[in-house]
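So the chains spell out like this:
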Amino acid sequence: MALVTGASRGLGLAMASALAAHGAKVWLNGRDAHSLTPAVEQARSAGLAAGGQAHALPFDVTDEAASTAAVARVLAESGRLDILINNVGQRRRQPLDELPAQALRDLLEANLVSAWHLCREAALPMRAQGFGRIINVTSIAGPIARAGDAAYTTSKGALEAMTRALAAELGPQGINVNAIAPGYFATETNAAMVDDERTLAWLQQRSSLGRWGQPAEIAGAAVFLASPAASYVTGQTLVVDGGYLAHF
């Protein structure tokens, strides 16, 4: 039984669909119930051959009461929670002197604190089961940085650190905690950049594979970390970036 946040489109939907295609029962989260409908249908279609299932679970991850209620609903209707993927993320590019402290706080709430709260809620049933897989979606902006993007980099770097800390704390209870750090993916959010020829030319020079990643290409990392094949992997960040961090 899996819960994937931010699964109405993009990388979240790709990961949810991949889990369903491997037989998992997946709850797809998004803030808007209407936008989840086609996403759930896509995940259901992906899971048909393997017996996977997909259900909508609309709530705002920054609302702690709603997040707690969502986990309770999963447990009430499914009996257990085995996999949590914290995929929700927001970005705000502004220089230091233009970014108010409250904007940083808001970004940290969305990118870090919401994941912290869901990890706490998910850890309760996972401890009782003696099994769990938590996957936090960070970014290559965690270990590296660029000017004018300090808030996002701060939040993703903290999420990566939290992943290591929770791996150390929850490992004795049978819960593996890892992260996936995506690079440049051709998602709806990045549509303007994907259509920019200058960005593509730069990416061709800057990364080993020289192209944008497609959302489906994140799926293998999520399935691996959620599977028995990763039973001895915890506290790690799996980078999926077409060689961006390895290339100069």
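Residues numbered from 1 in each chain as written. Predicted model: local features only at pLDDT ≥ 70, side-chain atom pairs only at ≥ 80, totals over all residues. Heavy atoms only, no water.

What follows concerns the nonpolar core. Nonpolar side chains tend to gather and get buried jointly when the protein is soluble and globular. Counting residues in hydrophobic clusters, the biggest one holds 34 residues, and the most contacted among them are M15, L19, V26, L28, I85, I180 and I218. For this core, the secondary structure elements donating two or more residues are β1 (2-4), α1 (10-21), β2 (25-30), α2 (33-47), β4 (83-86), β5 (132-137) and α8 (219-226). Looking at this core, the element that brings in the most residues is α1, giving 8 residues. Those residues in contact with V26 that lie beyond four places of it in its chain are A2, V4, A16, L19, A20, Q53, A54 and H55. (Core = buried A, V, L, I, M, F, W, Y, C linked by side-chain atoms within 4.5 Å. Buried < 20%, exposed > 50% of the residue type's maximum accessible area, 1.4 Å probe, protein only. Helix = DSSP H or I, 4+ residues; strand = E, 2+ residues; numbered from the N terminus. Contact = heavy atoms within 4.5 Å.)

Two quantities define a packed helix pair, namely the angle between the axes and the distance from one axis to the other. Following both chains from N to C, one finds α1 and α2 inclined at 30°, their axes separated by 7 Å at the closest point. When the axes of α1 and α2 are compared, the pair comes out roughly parallel. Crossing of α1 over α2 shows right-handed handedness. Facing α1, whose interface residues are L13, S17, A20 and A21, α2 presents A39, Q42, A43, A46 and G47. Of the residues that constitute the contact of α1 with α2, the class distribution is 6 nonpolar, 3 polar and no charged. (Axes fitted to C-alpha atoms, helices over the stretch in contact; angles between N-to-C directions. Parallel < 35°, antiparallel > 145°, perpendicular 65-115°, else oblique. Left-handed = near helix turned anticlockwise from the far one by under 90°. Nonpolar A, V, L, I, M, F, W, Y, C, P; charged D, E, K, R; others polar.)

Next up on the list: empty space enclosed by the protein. Evaluated as defined, the whole model comprises 1 cavity of 30 Å³ or more. What the largest cavity holds in volume is close to 40 Å³. What lines the largest cavity is T5, V61, N86, N87, V88, A110, S114, A115 and L118. Top contributing element to the lining of the largest cavity by residue count: helix α4 (residues 101-129), with 4 residues. Taken together, the residues of the lining of the largest cavity sort by class into 5 nonpolar, 4 polar and no charged. (1 Å grid on protein atoms, 1.4 Å probe; cavity = no way out; pocket = protein on both sides within 12 Å on 5 of 7 lines; lining within 4 Å. Points joined across faces, edges and corners; volume = space filled by probe spheres on them.)

So, about a negative patch on the surface. There is a patch of like negative charges on the surface, built from D63, E64, D106 and E109. Note on placement: D63 falls in the loop between β3 (53-58) and α3 (64-78). (Patch = residues over 30% accessible without salt bridge, like charges linked within 9 Å, V, L, I, M, F, W, Y side chains within 5 Å. Areas by Shrake-Rupley, 256 points an atom, 1.4 Å probe, with all protein chains shown as cover. Salt bridge = Lys/Arg side-chain N within 4 Å of Asp/Glu carboxyl O. Lys, Arg positive; Asp, Glu negative; His and termini not counted. Charge placed at Lys NZ, Arg CZ, Asp CG, Glu CD.)

So, about the sheet that holds strand β6 (residues 175-182). Read from one edge of the open sheet, 7 strands run β3-β2-β1-β4-β5-β6-β7, paired in parallel fashion. Two strands close off the open sheet at either side, each with one partner strand: β3 and β7 (237-240). Across the sheet, the mean angle separating the axes of adjacent strands is 20° when strand polarity is ignored. Looking at chain direction, β1 and β2 are connected through 3 bridges and run parallel. When the bridges of β2 are listed, V4 appears paired with L28. Packed onto the sheet, α1 meets β1, β2, β3, β4, β5 and β6 and runs at close to 165° relative to β2. Contacts from α2 reach β2 and β3, with the element oriented near 165° to β3. (Pairing = 2+ DSSP bridges.)

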